[in-house]
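# Structural description and commentary
Take a look at the letters that make up each chain.
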Amino acid sequence: MTASPDDTEAPAIRVLDVLGWADGLRLVGSPVGLERRVRWAQASDLLDPSPYLRGGELVLVAGLSLHDAHACTQFVTALAPTGPAAIGYAVHVVHDAAPPALVSEANRLGIPVFEIPPTVPFILFTERLARERLRYRGRRENGYLVDLVRTGRARPDALLARAPFLNGPGIQVAGFQAGDLAGVDLPERTLVADLGDRALVLHRETLRYPEGLVFAVSGRGGPQEVPVLIHQALDALELARRRRLPATAADLASLDSLGECLPASYLRPFREFLYEPLARYDRLHEADLVPTLEELIGCGGSVTACARRMFLHANTVRKRLRRIHSLTGKNPAVPLELAALALALSRTRPAADRPPRHSP
């Protein structure tokens, strides 16, 4: 179906999400169409409700017209071309369960069916959808305003007018990928900004983040520092996305971050002249030069700590470092040259395999 004019103002609510809105809602039949978008809810017991639908509705029925299998088939056949999100069937009104003919015909056409107990009024769905839509529009408006502040086209005071609780020290901005925010328990005093594929949360509280969530946080500051904090959160989120690990603004001040943010063309000479000779030598001689260099970097250049972690004699580590020097022309004992070697290793293994340097 053609998208309705206000689809862009509707939150991305799935049938699967709706099933968790009240106790007793129960999917019946096959688990088809659970990712369908829910735009609105409409109650109807007409055999052909299609003239009154625009697509994406939860069609809520009590079964008053669905007396037999033929009526059920007729109802679904008329309904299907409108592109409904799902059929919600109120049980213990006419039938104690959704009619099998209704369920099978709807599932055959990819339409999910769920049962609604007497304890759940139909208005629950319209009220909840209305609240979600208002919240979504508010977050979109916040997103426009945050973007104006970020780019200098509006003063931070504009955000304070919308969220007075941000007026004071200790403001922090948290960044999330689109959709991940649903798993975060947000305090009431937060400003949530929808930026499309990203979301920002401005707050002065302490947020709790679910285990395994990829997110980013800025430093803390006052109202006039909000533009900087927004940039920190967005930059740290890009780093978190690449690492598939949480990131803080402090993580941006690292060689790892620099290596991951630089274009590949900038790092190509580092890889060709520093990493490749070591990797090639390791393949031919099983010398473990690259693992030794990685461990040395992780130990801050300490040969003693590197040897201890690798269960080697310090002289063995020194011998490997001399080999690295001869192959690359960079001496790992010189901090600036060790930094160049670290940049050469920055994209040679998956980000998820690298231990996080900071914990938010």
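Residues numbered from 1 in each chain as written. Predicted model: local features only at pLDDT ≥ 70, side-chain atom pairs only at ≥ 80, totals over all residues. Heavy atoms only, no water.

## Thoughts on the confidence of the model for the chain
- On average, residues of the chain carry a pLDDT of 89, and 91% of them reach 70 or more.
- Scored below 50 in pLDDT, residues 1–5 makes 8 contacts in the model with residues more than four places away or belonging to other chains.
- Ignoring residues within four places in sequence, the model shows residues 349–360, a span with pLDDT below 50, making 28 contacts including any to other chains. (pLDDT = per-residue confidence, 0-100. Contact = heavy atoms within 4.5 Å.)

## Here's the deal with the sheet that holds strand β10 (residues 247–248)
- Strand order in the open sheet formed by 5 strands is β7-β8-β6-β9-β10, and the pairing between neighbours is mixed. Every interior strand has two partners, whereas the edge strands, β7 (190–194) and β10, have only one.
- By the bridge criterion, 2 bridges tie strand β9 (residues 215–221) to β10 in an arrangement that is parallel. Note on β10: the bridge partner recorded for A216 is A247.
- Across the sheet, helix α4 (residues 123–150) touches β7 and β8 (198–203), and the angle it forms with β7 is around 85°. (Pairing = 2+ DSSP bridges. Helix = DSSP H or I, 4+ residues; strand = E, 2+ residues; numbered from the N terminus. Axes fitted to C-alpha atoms, helices over the stretch in contact; angles between N-to-C directions.)

## Notes on the sheet that holds strand β2 (residues 40–43)
- Here we have 5 strands laid out as an open sheet, ordered β1-β5-β4-β3-β2, and mixed in their pairing. The open sheet has two edge strands, β1 (26–28) and β2, and neither has a second partner. Ignoring which end each strand starts from, the neighbouring axes of this sheet average 30° apart.
- Across 4 bridges, the pairing between strand β3 (residues 57–61) and strand β4 (residues 86–90) is parallel. Following the sheet pairing, V59 is matched in β4 by I87.

## Quick notes on the packing of aromatic side chains
- Tallying each qualifying case throughout the model produces 4 aromatic pairs.
- Seen from their ring centres, F176 and Y209 are 6.1 Å apart, and the 40° between their planes marks the pair as tilted. Taken together, the residues F176 in strand β6 (residues 171–177) and Y209 in the loop between β8 and β9 connect sequence positions 33 residues apart.
- A relative accessible area of 0% means that F176 is categorised as buried.
- With a centroid separation of 3.9 Å and 10° between ring planes, the pair formed by Y209 and F215 is classed as stacked.
- Accessibility expressed as a relative area gives 24% for Y209, which makes it partly exposed.
- On the basis of relative accessibility, which here comes to 6%, the residue F215 falls in the buried class. (Phe/Tyr/Trp six-rings, centres within 6.5 Å; stacked < 30°, edge-to-face > 60°. Buried < 20%, exposed > 50% of the residue type's maximum accessible area, 1.4 Å probe, protein only.)

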